[in-house]
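Residue-level listing of the chains:
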Amino acid sequence: METGPNEPEKRAPLAALLARRPGSSSLPAACGGSRLRIPVRPVPSPSRPVPSRPVPSRPVPSRPAMALGKLQKVLISDSLDPCCREILQAGGLRVQEKPGLSKEELLREIRDCDGLIVRSATKVTADVLEAAQRLQVVGRAGTGVDNVDVEAATRKGVLVMNTPTGNSLSAAELTCGMILCLARQIPQAAASMKEGKWDRKKYMGMELNGKTLAVLGLGRIGREVATRMQAFGMKTIGYDPIITPEASAAFGVEQLPLEQIWPRCDFITVHTPLLPSTTGLLNDSTFAKCRRGVQVVNCARGGIVDEGALLRALQSGQCGGAALDVFTQEPPKDRDLVNHPNVICCPHLGASTREAQSRCGKEIAMQIVDMATGKGLAGTVNGQALSKAFAPQMKPWIALARALGTLLHAEGKQAQGSVQVCTLGTPLQEAGSYLTPAVAAGMLAGGTQKEVTLVNALLLAQEAGLKVTTTHGHVAPEPDGSTGLLQVSLQGTPHRAAGTVQGSTPVLRELNGATFKQPAPLAGPLLIYRAKATEPGALPALAGLLGKVGVQLQSYHSSSTVAGEQWSVVGLSAPLSDLSELKPRTMEVFQLHL
């Protein structure tokens with residue numbers, strides 16, 4: 001008797017199982033397999049009843065964490081709007097608010113915290129992450145995460161999230177203010193007035209109307225700056241390696257290669273993250289290609305503009321003025337740039353508005369509460385795959401991908417080499433991004449890693465010598481055309497498995513070319529074995545073993561016959577501690593706990 005994935009779980013009578021006569025089994029193999037339709041041989045019934053005995057105690061192998069655990073305690077280590085603490089507490093979380101901690105104090109405080117919320121003052125370094133024994137999430141109340149060691153967090157399986165929209169308007173408005181100040185020398189004129197002077201001729205400015213503004217980085221802030229400065233009659237050009245020219249044209253920015261931008265612009269404003277590719281984006285070479293007297297604004301990240309090159313360009317007159325809200329070192333120790341008469345400076349005020357602080361505090365608190373309550377994830381920096389795991393309709397597919405990876409690892413007895421993940425069917429068109437890490441996590445199950453999650457699975461797989469690639473086919477074979485099919489194969493070996501989701505249950509469709517007419521549920525303790533179809537002694541041996549140890553058989557599924565051999569997937573009430581009685585009757589036997 002087979003237990004379907006959408007039916008109440010039933011205990012299958014052993015005699016009925018042993019006497020059952022399964023019919024032929026057929027499944028079109030996914031991603032290049034062949035169609036099989038081979039009759040399956042019946043299995044004789046056991047000759048004697050088996051006594052029941054208590055199940056011997058045995059530790060159940062721990063499974064890798066596919067999603068994050070329960071959040072209980074959150075540390076806020078920078079000054080944030082009170083609404084952040086209030087929202088967290090209303091969500092049932094314990095909150096410690098301790099801004100201004102030294103590094104040594106932070107290392108002590110973080111030990112028993114599940115979450116950490118920071119602005120830009122706290123540096124979340126690798127040693128801080130290592131000291132955080134329970135840490136699951138770092139929330140950055142703001143956009144940039146360069147004060148967080150994202151790679152170290154990923155390796156540890158810690159999710160990093162930010163609030164990319166929280167301070168966008170404030171940063172954009174400050175940038176626009178800086179452009180106006182450069183054009184009219186407002187800060188210098190105001191300072192002169194406070195000194196009792198009246199220098200009308202000294203502070204001759206320029207109109208913005210008709211001038212060309214280059215916006216480098218056309219994300220949320222860059223586009224807000226562009227649209228606002230267009231209202232002053234400025235022509236906006238720009239560059240972004242991700243945003244398409246068609247998309248930027250929709251908000252009035254003509255995209256050009258950088259080499260064409262430098263000689264055309266009167267003003268340059270940068271709005272990129274600080275990456276190796278953007279560090280020193282404006283340097284001696286690029287300043288030399290600009291119009292003489294070009295004006296530069298940096299309200300993004302210190303280091304995007306080479307500060308030494310900027311000072312040299314200001315001293316030579318190649319750069320007519322600069323407005324800086326950020327610096328490579330904050331606060332800056334080298335005062336030559338800050339003290340230059342044509343430089344306007346602020347102490348990193350981009351997000352320093354009441355509205356931005358309230359918005360960022362509110363957003364990061366709501367994101368962490370949603371994560372803690374399982375409602376979803378937003379603003380993830382290193383766990384885009386994990387965010388999909390929170391969608392109810394995707395959880396079974398995540399479980400399926402992990403189960404297929406675990407199955408392949410158990411069968412292939414290796415977590416190295418190349419694994420091909422193939423998604424089939426329109427419903428899985430975008431699924432590769434989150435199913436691939438789940439397969440990798442399954443392949444790494446039982447390894448030396450402390451914890452494998454969707455956050456760190458691909459990184460740990462790469463370090464373990466496991467290469468995971470993904471392909472997609474638009475059409476899944478029937479009967480899975482409307483739901484989709486997932487196939488995982490260990491390249492260079494015969495090991496491959498295919499499965500789908502029925503209702504909310506992950507099921508196995510195919511194993512090494514042998515198909516299951518009635519798919520086998522992949523959940524709970526499973527015993528999987530391969531035996532010769534002409535010598536069906538494995539099932540009676542299993543019946544005897546189960547009776548001895550008092551473990552109940554909950555489901556049984558057999559495959560089609562391939563090369564005279566069959567696979568069987570047996571659902572058990574508990575794992576077996578010893579498989580030695582089955583090994584003489586089988587070609588291969590192993591257990592999974594999913």
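An account of the accompanying structure is given in this report. All figures in this text were calculated on a predicted structure; none of them were measured in a lab. (Residues numbered from 1 in each chain as written. Predicted model: local features only at pLDDT ≥ 70, side-chain atom pairs only at ≥ 80, totals over all residues. Heavy atoms only, no water.)

For the rest of this paragraph, the subject is helix H15 (residues 395-412). Across its 18 residues, H15 extends 26 Å between first and last C-alpha, which sits within 8% of the 26 Å expected from 1.5 Å per residue. Looking at the residues trailing H15, positive phi occurs at Lys413, about 55 degrees. (Helix = DSSP H or I, 4+ residues; strand = E, 2+ residues; numbered from the N terminus. Expected span 1.5 Å × (residues − 1).)

Remark: H15 packs on helix H16 (residues 432-443), axes separated minimally by 7 Å, with the N-to-C direction vectors making an angle of 35 degrees. For H15 against H16, the interelement crossing comes out right-handed. Side by side, H15 and H16 meet where Trp397, Ile398, Ala401, Arg402, Gly405, Thr406, Leu408 and His409 of the first sit next to Tyr434, Leu435, Ala438, Val439, Gly442 and Met443 of the second. When grouped by side-chain class, the residues that make up the contact of H15 with H16 number nine nonpolar, four polar and one charged. (Axes fitted to C-alpha atoms, helices over the stretch in contact; angles between N-to-C directions. Left-handed = near helix turned anticlockwise from the far one by under 90°. Contact = heavy atoms within 4.5 Å. Nonpolar A, V, L, I, M, F, W, Y, C, P; charged D, E, K, R; others polar.)

Buried residues dominate strand E20 (residues 514-521), accounting for six of its eight residues. In terms of strand pairing, strand E19 (residues 505-511) meets E20 through four bridges, oriented antiparallel. Across the sheet, Leu508 pairs through a bridge with Ala520, a residue of E20. Between the end of E19 and the start of E20, which pair antiparallel, lie two residues, with Asn512 showing a positive phi angle near 55 degrees. (Buried < 20%, exposed > 50% of the residue type's maximum accessible area, 1.4 Å probe, protein only. Pairing = 2+ DSSP bridges.)

Let us now look at the pairing of strand E7 (residues 159-162). The two faces of E7 match: Leu159 and Met161 on one face and Val160 and Asn162 on the other face are all buried. Two elements, strand E6 (residues 137-140) and E7, share four bridges in a ladder whose sense is parallel. Bridge pairing in E7 links Arg140 to Asn162. Taken together, E6, helix H5 (residues 150-156) and E7 form a β-α-β motif whose crossover is right-handed. (Right-handed = clockwise from strand over helix to strand, strands pointing away.)

Moving on, we get to the sheet that holds strand E15 (residues 417-424). Read across the open sheet, the six strands follow the order E16-E15-E17-E18-E19-E20; overall the sheet is mixed. Strands with a single pairing partner mark the edges of an open sheet, and in this sheet they are strand E16 (466-473) and E20. The sheet shows a mean angle of 20 degrees between the axes of neighbouring strands, direction not considered. Two strands pair when backbone bridges link them, and strand E18 (residues 496-502) and E19 are joined in this way by six bridges, in the antiparallel orientation. Among the inter-strand pairings, Gly499 is bridged to a residue of E19, identified as Leu508. Running over the sheet, H15 touches strand E17 (485-490), E18 and E19 and is turned about 155 degrees from E18. Along the sheet, H16 makes contact with E15, E16 and E17, crossing E15 at roughly 140 degrees.

Attention now moves to the side chain of Thr122. Tracing the backbone shows Thr122 in the loop between strand E5 (115-118) and helix H4 (126-131). Within the structure, the side chain of Thr122 is placed 2.8 Å from the side chain of Ser77, a separation counted as a polar contact. Apart from residues no more than four positions distant in its own chain, Thr122 is found in contact with Ser77, Asp78, Leu106 and Asn147. (Polar contact = N/O pair within 3.5 Å; in protein donor to acceptor, adjacent residues only side chain to side chain.)

We now examine helix H12 (residues 307-316). Listing the buried residues of H12 in full gives Ala309, Leu310, Leu311, Ala313 and Leu314. Looking at the buried positions of H12, the neighbouring elements they touch are helix H11 (284-289), strand E13 (319-324) and strand E14 (343-345). Looking at where H12 begins, the residue whose side-chain oxygen comes 3.0 Å from the main-chain nitrogen of Gly308 is Asp306. Gly317 occupies a position one or two residues after H12 and carries a positive phi of about 90 degrees.

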